[in-house]
Structure formats: structure tokens, C-alpha cells
Amino acid sequence: MKFSRLYLTFIFFVLYMPIFYLIYYSFNSGGTMHHFESFTLDWYKEVFADTRLLIIVLHTMIIALLSSSLATIIGVFGAITIYYAKHRWKQTLLTLNNVLIVSPDVIIGASFLILFTIAGIQLGFTSVLLSHIAFSIPIVVLMVLPKLQEMSPTLIDAARDLGANEWNILTKVILPYITPGIFAGFFMALTYSLDDFAVTFFVTGNGFSTLSVEIYSRARQGISLSVNALSTLLFLFTLVLVVVYYVITQRASAKGGQK
Amino acid sequence: MDDRVIIRFNHVTKQYDNDLPVLDDVSFEMERGKFYTLLGPSGCGKTTILRLIAGFIEPTKGDIYFHGKRMNNVPANKRQVNTVFQDYALFPHLNVFENVAFGLRIKKIGKEDIERKVKEALRFVNLEGYEQRAIHEMSGGQRQRVAIARAIVNEPDVLLLDEPLSALDLKLRTEMQYELRELQRRLGITFIFVTHDQEEALAMSDEIFVLNKGKIEQRGTPKDIYDEPVNRFVADFIGESNIITGTMIDDFVVEFANQQFACIDRGFAKNERVDIVIRPEDLELTTVERGKLRVRVDSVLFRGVHYELCCYDTYGNEWLVHSTKKADIGEEIGLHFEPEAIHVMKRSGGE
Amino acid sequence: MRRYAYAIPYWLWIGLFVVAPIILIIYYSFFDIEGHFSLVNYETFFTPVYLRMTVNSFWYAFLITACSLLIAYPTAYLLTKTKHKQLWLLLIILPTWVNLLLKAYAFLGLFGTYGAVNALFEAIGIGTKQLLFTDFSFVFVSVYIFIPFMILPIFNALEKLNPSLIDAARDLGASEWTTFRRVIFPLTLDGVKAGCQAVFIPSLSLFMLTRLIAGNRVITLGTAVEQHFLVTQNWGMGATIAVFLMIAMASIMALTGNKKWGVRQ
């Protein structure tokens, strides 16, 4: 028992140490990540004064919100398509759906790069947005599909029995029922988009950048504590997101679930 | 055509792919305002008939008529038929009121009318005051009532009930049997009730259809079916019975267990092999001397109202007896029965 | 017909972003750097340089997966024994929501010559070591990044395990170790497989880590793809490597069974 507690403590320590290490040195006036001179907020001021960085943050947000919204819409209908598909097709569709989830990022990035070049789409905002939508769709599908499958098929029969046409069934029965899955899918897509580096790195052009790509290029130049300050802010933002997500799913399951 | 007929099946077959048909060339008529029960083991085709009437599936062959009009391809949402589902299929995201109002809202009925009709339907099933409850706050029996209210609020000509009582416990089930029967009388519409529980069928129906392997074995009033089963399957499925093979010696004389007995059946060929049914409650315990059959008691179970005795005669036939008198295991006893208690049936093909 | 209209965007997505990219990659692998049709890329791939790189990539991916599994299984197991396990699980997941590059960046500081780890080594008398730009640091940081994705499916599998099965095994006389080996582990194998998939495949494409942490000392197939596409502009060669990565990926999927493809929840 003692050993197990020690083990878990160690795991959690290792998991969180790098993050708190970053946060700790974001207040260091010394300029390095190994010698703490004195407390300062200068790095935060630098972040907020860096318009280029702020624009990149804005771009990242826009890409994340737009791509996850669109991916959610397409993914929900994709899940419904798979749900209604005949048995043999269902397996094929699921396999195709999961290709992008199991592919290494470099392959996704490289193949999309070829695709955009051939299609004549300029690398930049559009190509990054399309890529993010593309790799988020299967995640949404995988979050929504279990909800659909757990729905009793008699629910649809019941609606039809009560006079509902296909449109009524979709809007009054299916969509309300799978709402928790839709939310989960949306948030998953959001985090995948915010987190993605490899795919974006391939399909982004010169003029356009997301946070991940920007951090990469800054990190390659060595340590700069404004990156620490930025990561502290991002970590706080993530925490807020987690809490929001938690509250929403709790409320949704309290409302929708009955088991 | 008789205008009391509301549903007519004309040589209807339902078959999936190249499997055996789940419904095999079935024809029947159902009348307005009656309580029908489709009874049979699982996979006999009873639910298929229900789904064909509801419009969830289409027949492979044959025609279905409502009020004399062919309805084969009319989709479920355009039929004057509503269903109470086995798992109730209540919408978990809607409260009681909205569940009941679902069909009315689809029909775009005015707000006040909806309010009035929903209230009325809920009063009908004794659920006044539960309008704002969430479905998961309702008990099994209450959900059952909501499902019924949701169906009858649309004023269907026919109400289909797909084993609606199977999820309830025994006490509630008996209660709901009375209530459903009462509800059908008050509404005056046709109920078609699907079940595999013979007691339920006997207690509630005007008419029972006994189904097996996609065919109707027998249709008739509960009394007909109980007293005069047409074959071994029906006799076995409806109630506990002693079924043994015998020979029809002549009109009114039948032989089984190596003895000849007087009976009330006639019209069989001489020496035709037949199936004999005697219900356990028609067998009377008596002394060996006075009994028509001599048996040895093998086991005794106390069933509350009566004892259930399992006995064997000297030829190895098993005799189940329901009696208020007790007998000891291993004891030799006599069994007495009246000629009317013997039901003679044509032998069915299988088995 | 209207019923199928809503599926059009999804079908378009499958066509344009799933099927077309695979075909394009295969198509491009048959062109040399000048754009002439040839099999030269495949010839190049079967030279010792690339074969060694392939073996290396899989060796590292295997190391990373094995280390993750060895650390993650006990962690997941012990987590299921804690009170408030959902909260602890959330704390395991939380670091995955921190950008991967920030975590890699943190290790630049931690593993630096004057960083915290070397300060610790100094204090306990081991002395300063070169940590950054070594194979060790690459594997360590990779394991660090992937470990939650290994813990999660194993945790879920353990949670789904019916506890009376363990009681039954004990009741039938199995020791704790035998119970684990014969009952618990086989029944959570699906979770282990899912975890291995979730770690092995992405670890083939960690080119940013090889650049930041391993200082180009470790060159994996992923790094090579990036190199060919973005630096040397030899798309044909990059596509050829990608084709082999896809084949590898497909065989891994087939090998570990494709029932529950790494669904993260």
C-alpha cells in the first residue's frame, strides 16, 4: 500500500514537473530556466506587447473554433450515415472513417500538402482550416456514434408511429438524444485543433502560423522566457476549458441520461 | 364487405432475404372495437404482424387492407394506428407532457387543443399532475401509462401493444391487465395485444390468435381455445396439460393407457391415432378402487391454492394433477375424470 | 433521396481527405526528384541507409511503447484502487491538453547542462551529464508525452472488469500473481492493445522531438518524410517512405485487431 502511494506520487510528480517548471521560471527575471534571480512579470508584459504573437493566438483560436464547428456538423451527419448504413457498408465506412485517426501525423500532413498543391489551394489560412476540419471529422464521428448506437431503435419507430417524417425524426428525436455526444465531439475536435503541430507544420505557408508552429520555431532558437509566460497563460486557459467542459457534460448527462 | 372489419390480411407473407418466412401466407380479419391477442412463443411471427400493421415493415407477398383500402405501402407516419412499445420507447429528453404531445405537435394542432388533449389522455391513464416530470423520474408502471397516453391521444382506430407488460412485476402486471381491458371498453377502439403469456391472453382478450412458426394455429375466444385446442401445440401452449397419444375406437369411445373410456368426441375414422388432452384441474384424486386410472405419486409441490402432483401410470405416462387434496410421495392413488374432460385432437404433423 | 442529402459533405470528406490522399501518396512515390516516372525511390529505400533508418524507427517506437506500457499498467491499476479515481484520471488527462511543444520545450530547460536534473545529479554526487541531444532524452520525453494515452485505455479496461471475477479466481485458490497473469491481464488485453496502438503509431512521426530534444541524432522515418517534403523538396522519396509507413501501420492494425481503434474518451 505504501509502495503504491509512492509510485503514484512519483508518476504525478513527473507528469506535472515540466509544466510547473515552465510556470515557475516564467516569473524569473534572470532570462534562463536554471537560475532564478528575482520575481518579475516582464515576460508577461512582453507577451502582451507582442502583436505578432497575439495575432497568431487569434488565428489559432479562429481556426480551432471554425474547424471544430464545421467538423462537428459534418461529423454528426457522418455518424448518422454510418448508423443507417447496411451492415457490410457500415464496416467499410468505419474503416475509412478511422484511417485518419490511425495515420501518423507526418503522412496526413504530407498527403494534404500534395492535395492542396494539386488543387491549387494557396498554403495559409484556408489550407490549415481545411486540414483541421479533415482530421477532426473522424473524432466527432467516434464520439457521436456510440450515443446513436445506445439509442433504442424503437425510439425512431415510436416517432414514426406518432406521425413524424424523416425531418421530424432527425430534429426532434435523434439530435436531442445525441447532444451530449455532439458536445464531447466538439470539445475533442477543439483540443485536437489547438494541440496539432505536425499537420499544420506541413500545410501552413509563410504568412500564416498557429501557436504550435510558432512555439516550435521559437524553441528551436533556444530558451526565451516569454514562451514560458505564454505557456502559463495557455495552461490556465486549458484549465478553464476543462472546467467548462466538465460543467457542460455534467449538466447534459443530468438532463439527458436516465440510468 | 362487412363494414365492421377494420383490418384484413390477404395471404400475407414476410420473408427476409432467403431465410424461412417469418410470416407464412397468413389471412385473417379483425373487427372494430374488439380486444385481440396475438399469442405465441418468441419467433412465431406475432410481432411481425404488429409491425406490418403499424407500417414499420412491408409484406413480401399479399395485401393488407384497412377499412377495405389497400395499405401495403403507406408509411407508418401516415397510418391511423399507434403503438405501445415493449420498452415503451419514451423520449428521454422530453418530459411527460411533451412525450404525450409529440404526435399532436407533429400534426401542428393548436396550443390550447394540445393542452386539453394531453390533459385528457393523462387523466385517462390516471396520471394527472405528472405533466412536468422527467421520464427517468417515473416508475415502470407509470412509464407504461405514459406510453399508452402518448398513443391514445392521437385517437387511433387501432392501438397496437407489443408485450407492454413484460417488463413489469407480477402484481403490477395483473393490475395493468384489468386497466387495459377497462381502457379498451371505454375507448371502444380495436386493441391488438401481443404476448407470449397465455394467462394474460386468456384474461384480457375477446379473441386470441395462437401463432407458431409464422402460421396461425388457431383463432377463437379464450374459452374455445382453452377447452377445445385444435392440436398438441395449442394445448401445450395454453395452460398446463396432460397430452398423450391414443386411438379413437369409435364415436364416443377412445383408448389410451391401455383402457377404453367414454368421451364426447366423434367424427374420427375408426382406429385413428389421436392426441388426448386432459387438463390437470379436471383430474380428481380418489382411491385406487374408484379411480379410472391408477397412478403412483412421484412428487408433490404446494402451489398456494392447490397441490401440484406429478404421477406416473404403469405405462410410463406422466399425469399432472391439480388438487386441493394432498397425497404422499410413493402412494398409489386413483384418478377420476368426466367424459367431457377428455379432449380429442387430430395428430399434428411434426414431433 | 432527400434523406441522403445530409450525408454529402461526409462522403466528400471521405473522397477528398481519406481516399484521395492515399492514392496521391502512392502516385507520387513513383516519381523521381525531376518529376520523371521511375522506381528509383523504391531502389533508394532498399539501400542500407534507409533500411537502417527503418529498423531504427521501429526500434525506438518499440522502446517507447514498451516503456510506456511498463509504467502505465501499474499506474492504471493503482488508479482504479484510489478513492476519487475519476478526479485522478482527469489529472492524468490534463497534461495531454498542454501543447506537446511546450512540454518538449520544458525539457530543454530541465535537461539542460545547468538544468534542474543536472543540479540534482550534482547534489547526489553523480555529476553533470550530457542529457539533451541523446537517445535517452528522446525516449524519455516521448514516453512522457504518450503515457496518458497508454494509461487511459488500460484504466477503462480495468474498470470494466467484473470484480467478482477476481474474487472467483482467489476463491479457486489462485495467488495474487496468478490472478493477475491468468485473469486480470488477459481480460484487459484489449485496453493494452488500444494503448499500444495509440502510442506506437504516433511515435513514428515525432520529427519535432528528434529536432528539439535529440538534436538530429535520432533520425526516424517521420523525420525523413518531413525532411524530404519540406527541406529537400524530394516529394517522391518522401512519398515512398510514407507508403512504407502506411503499410507498417496497416499491418499493426491488423495484428492488434481492429475492434476498438484507439478511441480516446
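Criteria and thresholds
- Residues numbered from 1 in each chain as written.
- Chains lettered and ligands numbered in written order.
- Predicted model: local features only at pLDDT ≥ 70, side-chain atom pairs only at ≥ 80, totals over all residues.
- Heavy atoms only, no water.
- pLDDT = per-residue confidence, 0-100.
- Helix = DSSP H or I, 4+ residues; strand = E, 2+ residues; numbered from the N terminus.
- Contact = heavy atoms within 4.5 Å.
- UniProt positions renumbered as here; feature names shortened; annotations may be inferred.
- Phe/Tyr/Trp six-rings, centres within 6.5 Å; stacked < 30°, edge-to-face > 60°.
- Buried < 20%, exposed > 50% of the residue type's maximum accessible area, 1.4 Å probe, protein only.
- Lys NZ or Arg CZ within 6 Å of the ring centre and 35° of its normal.
- Buried area = accessible area lost by both parts, 1.4 Å probe.
- Salt bridge = Lys/Arg side-chain N within 4 Å of Asp/Glu carboxyl O.
- Polar contact = N/O pair within 3.5 Å; in protein donor to acceptor, adjacent residues only side chain to side chain.
- Nonpolar A, V, L, I, M, F, W, Y, C, P; charged D, E, K, R; others polar.
- Pairing = 2+ DSSP bridges.
- Axes fitted to C-alpha atoms, helices over the stretch in contact; angles between N-to-C directions.
- Disulfide = S-S within 2.5 Å.
- Patch = residues over 30% accessible without salt bridge, like charges linked within 9 Å, V, L, I, M, F, W, Y side chains within 5 Å.
- Areas by Shrake-Rupley, 256 points an atom, 1.4 Å probe, with all protein chains shown as cover.
- Core = buried A, V, L, I, M, F, W, Y, C linked by side-chain atoms within 4.5 Å.

1. Re the confidence of the model for chain C
Residues and elements named next belong to chain C.
1) Next: Across chain C, the average pLDDT comes to 86, with 95% of residues at 70 or higher.
2) Next: Looking at the elements of chain C, mean pLDDT is at its lowest for helix 1 (residues 2-5), recorded as 66, and at its highest for helix 2 (residues 8-28), recorded as 94.
3) Next: Every residue in residues 259-265 is under pLDDT 50, and counting partners more than four places away or in other chains gives 17 contacts.
4) Next: Two numbers describe this predicted complex: its pTM, 0.81, and its ipTM, 0.85.

2. Quick look at the UniProt feature "transmembrane region" (unreviewed entry) in chain A
1) Next: Per the UniProt entry, the sites bearing "transmembrane region" (unreviewed entry) are residues 7-27, 53-84, 96-123, 129-148, 169-191 and 229-248 of chain A in this numbering.
2) Next: Counting secondary structure, residues 7-27 of chain A comes out at 90% helix and 0% strand; the distance between its end C-alpha atoms is 31 Å.

3. Here we look at the packing of aromatic side chains
1) Next: Taken as a whole, this structure holds 64 aromatic pairs over all chains when the rule is applied.
2) Next: On the numbers, 5.0 Å between centres and 55° between planes, the contact of Y27 of chain C with F31 of chain C is tilted.
3) Next: A centroid spacing of 5.1 Å and a plane angle of 70° characterise the contact between F107 of chain C and Y144 of chain C, whose relative ring orientation is edge-to-face. Of this pair, F107 of chain C sits in helix 6 (residues 100-110) while Y144 of chain C sits in helix 8 (residues 135-160), placing them 37 residues apart in sequence.
4) Next: The exposure class assigned to F107 of chain C is buried, which follows from its relative accessible area of 3%.
5) Next: Judged by its relative accessible area of 5%, Y144 of chain C is buried.
6) Next: Here the basic side chain of R8 of chain B rests over the ring of Y65 of chain B, its NZ or CZ set 4.6 Å away from the ring centre.
7) Next: One cation-aromatic arrangement involves R79 of chain B over F66 of chain B; the distance from NZ or CZ to the ring centre is 5.8 Å.

4. With respect to the interface of chain A and chain C
1) Next: Contacts between the two partners involve 79 residues from chain A, matched on the other side by 71 residues from chain C.
2) Next: Buried surface at the junction of chain A and chain C, summed over both partners, amounts to about 7100 Å²; 81% is from carbon and sulfur atoms.
3) Next: When residues of chain A are sorted by the area they lose upon contact with chain C, L15, V102 and I114 of chain A head the list and together hold 9% of the total.
4) Next: Here chain A and chain C share zero salt bridges between them.
5) Next: Along the contact surface separating chain A from chain C lie nine residue pairs in polar contact (both at pLDDT 80 or more).
6) Next: The element that contributes the greatest number of residues to the side of chain A that touches chain C is helix 1 (residues 2-25) of chain A, accounting for 13 residues.
7) Next: When grouped by side-chain class, the residues that make up the side of chain A that touches chain C number 58 nonpolar, 17 polar and four charged.

5. Points about the sheet that holds strand 1 (residues 5-14) of chain B
All names here are of chain B.
1) Next: Read across the sheet, four strands follow the order 2-1-4-5 without closing on themselves; strand pairing throughout is antiparallel. The open sheet has two edge strands, strand 2 (23-31) and strand 5 (69-70), and neither has a second partner.
2) Next: In the packing of helix 1 (residues 46-54) onto the sheet, the strands contacted are strand 1, strand 2 and strand 4 (61-66), and the crossing angle to strand 1 comes to about 120°.

6. Side note on the pairing of strand 3 (residues 35-39) of chain B
Residues and elements named next belong to chain B.
1) Next: For strand 3, a buried count of five out of five residues is recorded, marking the element as mostly surrounded by other parts of the structure.
2) Next: Side-chain alternation along strand 3 places F35, T37 and L39 on one buried face and Y36 and L38 on a second face that is also buried.
3) Next: Where strand 3 and strand 8 (residues 190-195) come together, five bridges link them in parallel fashion. Its bridge partner lying in strand 8, Y36 is registered against I192.
4) Next: Here strand 3 pairs with strand 9 (residues 207-212) via four bridges, running parallel. In the sheet register, L38 faces strand 9, and the bridge partner there is F209.

7. As for the UniProt feature "transmembrane region" (unreviewed entry) in chain C
Residues and elements named next belong to chain C.
1) Next: If you check UniProt for "transmembrane region" (unreviewed entry), the listed places come out as residues 12-31, 58-80, 87-111, 131-155, 191-214 and 234-255 in our numbering.
2) Next: Along residues 12-31 one finds 85% helix and 0% strand; the C-alpha atoms at either end are 27 Å apart.
3) Next: Annotated as residues 87-111, this span is 72% helix and 0% strand, and its ends, taken at the C-alpha atoms, are 30 Å apart.

8. Regarding the side chain of Q144 of chain B
1) Next: Note that Q144 of chain B resides in helix 4 (residues 140-152).
2) Next: Of the residues examined, Q144 of chain B reaches a relative accessible area of 0% and is grouped as buried.

9. Observations concerning the sheet that holds strand 10 (residues 215-220) of chain B
Residues and elements named next belong to chain B.
1) Next: The six strands lie next to each other as 6-7-8-3-9-10, forming an open sheet whose pairing is mixed. The open sheet has two edge strands with one neighbour each: strand 6 (81-84) and strand 10. When strand polarity is set aside, the average angle formed by the axes of neighbouring strands in this sheet is 20°.
2) Next: Note that strand 7 (residues 158-162) and strand 8 share five bridges and pair parallel. From the neighbouring strand, L159 faces strand 8, where its bridge partner is F191.
3) Next: Relative to strand 6, helix 4 is tilted by about 175°, and along the sheet it contacts strand 6 and strand 7.
4) Next: Each of strand 3, strand 7 and strand 8 touches helix 5 (residues 170-187); the most contacted strand, strand 8, lies at about 160° to it.

10. Remarks on the interface of chain A and chain B
1) Next: Listed as interface residues are 22 residues of chain A and, on the opposing side, 22 residues of chain B.
2) Next: Taken together, chain A and chain B are joined by one salt bridge.
3) Next: Scanning the region where chain A abuts chain B turns up eight residue pairs in polar contact (both at pLDDT 80 or more).
4) Next: Looking at the side of chain A that touches chain B, the elements that each hand over two or more residues are helix 7 (153-161), helix 8 (166-195) and helix 11 (225-256) of chain A.
5) Next: Considering each element in turn, the side of chain A that touches chain B owes the most residues, seven residues, to helix 7 of chain A.
6) Next: The residue makeup of the side of chain A that touches chain B, split by class, is nine nonpolar, eight polar and five charged.

11. Observations concerning the state of the cysteines
A covalent bond bridging the sulfur atoms of two cysteines is what the word disulfide describes.
Residue and element names in this part refer to chain B.
1) Next: Scanning the entire structure with this criterion turns up zero disulfides over all chains.
2) Next: The thiol of C311 is unpaired, and the distance to the nearest cysteine sulfur, on C310, comes to 6.5 Å.
3) Next: A relative accessible area of 0% means that C311 is categorised as buried.

12. Concerning a nonpolar patch on the surface
1) Next: Judged by side-chain polarity, L58, I62, L66, L70, I73 and F125 of chain A come together as a nonpolar surface patch covering roughly 480 Å² of accessible area.
2) Next: With five residues, the top contributor of residues to the nonpolar patch is helix 3 (residues 51-84) of chain A.

13. Details of the pattern of salt bridges
1) Next: Using the criterion set out here, one finds 33 salt bridges over all chains in the structure.
2) Next: Note that E155 of chain B and K117 of chain B form a salt bridge whose closest N and O atoms lie 3.6 Å from each other. Placement of E155 of chain B in the loop between helix 4 and strand 7 and of K117 of chain B in helix 3 (residues 111-124) is noted, with a sequence separation of 38 residues between them.
3) Next: Taking the relative accessible area as the measure of exposure, E155 of chain B reaches 52% and is therefore exposed.
4) Next: Through salt bridges with shared partners, a single ionic network connects D50, R52, E214 and R218 of chain A.

14. A short note on helix 7 of chain A
Given 3.6 residues per helical turn, the α-helix brings residues three or four places apart onto the same face.
1) Next: A large share of helix 7 of chain A lies buried, amounting to eight of its nine residues.
2) Next: T154, L155, I156, D157, A158, A159, R160 and D161 of chain A are the residues of helix 7 of chain A that are buried.
3) Next: Each element contacted by the buried residues of helix 7 of chain A is listed here: helix 3 and helix 8 of chain A together with helix 1, strand 6, helix 2 (96-106) and helix 4 of chain B.
4) Next: The first or second residue beyond helix 7 of chain A is G163 of chain A, which carries a positive phi of 100°.

15. Notes on the environment of R266 of chain B
Residue and element names in this part refer to chain B.
1) Next: Within the fold, R266 resides in the loop between strand 13 (259-262) and strand 14 (272-278).
2) Next: The exposed category is assigned to R266, whose relative accessible area is 59%.
3) Next: The spatial distance from the C-alpha of R266 to the C-alpha of G45 is 33 Å, given a sequence separation of 221 residues.
4) Next: Residue contacts for R266: discarding those within four places in its chain leaves D251 and F252.

16. Looking at the nonpolar core
1) Next: Ranked by size, the top nonpolar core spans 204 residues in total, and within it L148 of chain A together with F9 of chain B carry the most contacts.
2) Next: Examining the composition of this core, we find that 15 residues originate from one element, helix 8 of chain C, more than from any other.
3) Next: Ignoring anything within four residues of it in the chain, the contact list for L148 of chain A reads A79, I80, Y83, I174 and I178 of chain A.

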